[in-house]
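Take a look at the letters that make up each chain.
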Amino acid sequence: AQSVTQPDIHITVSEGASLELRCNYSYGATPYLFWYVQSPGQGLQLLLKYFSGDTLVQGIKGFEAEFKRSQSSFNLRKPSVHWSDAAEYFCAVGANSGNTPLVFGKGTRLSVIA
Amino acid sequence: GAGVSQSPSNKVTEKGKDVELRCDPISGHTALYWYRQRLGQGLEFLIYFQGNSAPDKSGLPSDRFSAERTGESVSTLTIQRTQQEDSAVYLCASSLGGARRANYGYTFGSGTRLTVV
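The text that follows walks through the structure, step by step, so that each part is easy to find. From a predicted model like this one, the values you see are computed outputs, not experimental measurements. (Residues numbered from 1 in each chain as written. Chains lettered and ligands numbered in written order. Predicted model: local features only at pLDDT ≥ 70, side-chain atom pairs only at ≥ 80, totals over all residues. Heavy atoms only, no water.)

## Describing the overall build of chain A
Step number 1: A tally of helices and strands in chain A yields zero helices and 12 strands.
Step number 2: When its helices and strands are written in sequence order, chain A yields β-β-β-β-β-β-β-β-β-β-β-β.
Step number 3: Its C-alpha radius of gyration of 14 Å places chain A within 12% of the 13 Å reference for a compact globule of 114 residues.
Step number 4: Structurally, chain A occupies a C-alpha span of about 45 × 30 × 20 Å along its principal axes. (Helix = DSSP H or I, 4+ residues; strand = E, 2+ residues; numbered from the N terminus. Rg over C-alpha atoms; globule rule 2.2 N^0.38 Å.)

Okay, structure coming up:
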């Protein structure tokens, strides 16, 4: 069965600074990988996803993530953070059979300071 | 509808009472998922419906939890004899299902916040 670890519970960055949120997964084959964002009182919104091919994927809101098989990682990055990026971020992994539910990490809460 | 609709958005109930939470998926989405999110925690899978197949109930935490889905439409999650540890946000998601990648095109509802007092 697959699993996901997000090592950082809470991260604070200054507005305009770069951001990297870490995600490590466990799965016996090439996984399907996802990042979701949850703003206060909102449902989860998909930021980006990786199925295969190019290991650097671009998402919405200026986010990108890189799949590194050797490190079992799928870290989320953004070159310049905006105050509106403050939210909870969840990494998720799915089996490449597509027939099991996504497994989510515990999330990383991002705070943005002026 | 345009999105996944969940009702009620908030529910406060007394310990020991039964509650029903409703999810209206996107029309045409054959797959439907229920997750639970406790305060400060990630999403915990509860149950998964795919078309007319038997649901995957492997995530239900106890026999007090059950869920039904009528065809490929509305789903109801029922919690019997609620306990304080059931307090959480219950999230529903739907997807097209079928092909592998399409099955992971989740659209989430805004959730039902359940508080057991």
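## Quick word on the sheet that holds strand β7 (residues 75-79) of chain B
Residues and elements named next belong to chain B.
Step number 1: With antiparallel pairing, the four strands of this open sheet are ordered in space as β1-β3-β7-β6. The open sheet has two free edges, formed respectively by β1 (5-7) and β6 (65-69), since each of these has just one partner strand. Shown here is a sheet whose adjacent strand axes are inclined to one another by a mean of 15°, direction ignored. (Pairing = 2+ DSSP bridges. Axes fitted to C-alpha atoms, helices over the stretch in contact; angles between N-to-C directions.)

## Thoughts on the pairing of β6(B)
Step number 1: Side chains F65(B), A67(B) and R69(B) of β6(B) all project onto a buried face; the interleaved residues S66(B) and E68(B) project onto a face where none is buried.
Step number 2: Connecting β6(B) to the next strand, β7(B), in antiparallel fashion are five residues, including G71(B) with a positive phi near 60°. (Buried < 20%, exposed > 50% of the residue type's maximum accessible area, 1.4 Å probe, protein only.)

## Topic: the state of the cysteines
Step number 1: Scanning all chains against the criterion turns up two disulfides over all chains.
Step number 2: Two residues, C23(A) and C91(A), share a disulfide whose sulfurs are 1.9 Å apart. Linking C23(A) and C91(A), the disulfide has an S-S dihedral of approximately -65° and is accordingly described as left-handed. Note that C23(A) is positioned in the loop between β3 (19-21) and β4 (24-26) and C91(A) in strand β10 (residues 87-94), a separation of 68 residues in sequence.
Step number 3: Take C23(A): its relative accessible area is 0%, and that puts it in the buried class.
Step number 4: Between the sulfur of C23(B) and that of C92(B) lies a disulfide, 1.9 Å long from S to S. Residues C23(B) and C92(B) share a disulfide whose torsion about the S-S bond is about -65°; that sign makes it left-handed. Here C92(B) lies in strand β8 (residues 88-95) and C23(B) lies in strand β3 (residues 19-24), a separation of 69 residues in the sequence. With respect to class, C23(B) is no different from C92(B); both count as buried. (Disulfide = S-S within 2.5 Å.)

## Quick word on the environment of T112(B)
Residue and element names in this part refer to chain B.
Step number 1: Here T112 shows up in strand β10 (residues 112-116).
Step number 2: Look at T112 and you get buried, because its relative accessible area is 0%.
Step number 3: Considered as a pair, T112 and Q41 are 71 residues apart in the sequence and their alpha carbons are 16 Å apart.
Step number 4: Setting aside residues no more than four positions away along its own chain, T112 makes contact with Q6, S7, P8, S9, K11, L21, A88, V89 and Y90. (Contact = heavy atoms within 4.5 Å.)

## Quick look at the interface of chain A and chain B
Step number 1: On the side of chain B, 18 residues touch chain A, which itself brings 21 residues to the contact.
Step number 2: At the junction of chain A with chain B, the criterion picks out zero salt bridges.
Step number 3: Elements that contribute at least two residues to the side of chain A that touches chain B include exactly β5 (32-38) and β10 of chain A.
Step number 4: The biggest single contributor to the side of chain A that touches chain B is β5(A), with four residues.
Step number 5: A breakdown of the residues in the side of chain A that touches chain B according to their chemical character gives 10 nonpolar, 10 polar and one charged. (Salt bridge = Lys/Arg side-chain N within 4 Å of Asp/Glu carboxyl O. Nonpolar A, V, L, I, M, F, W, Y, C, P; charged D, E, K, R; others polar.)

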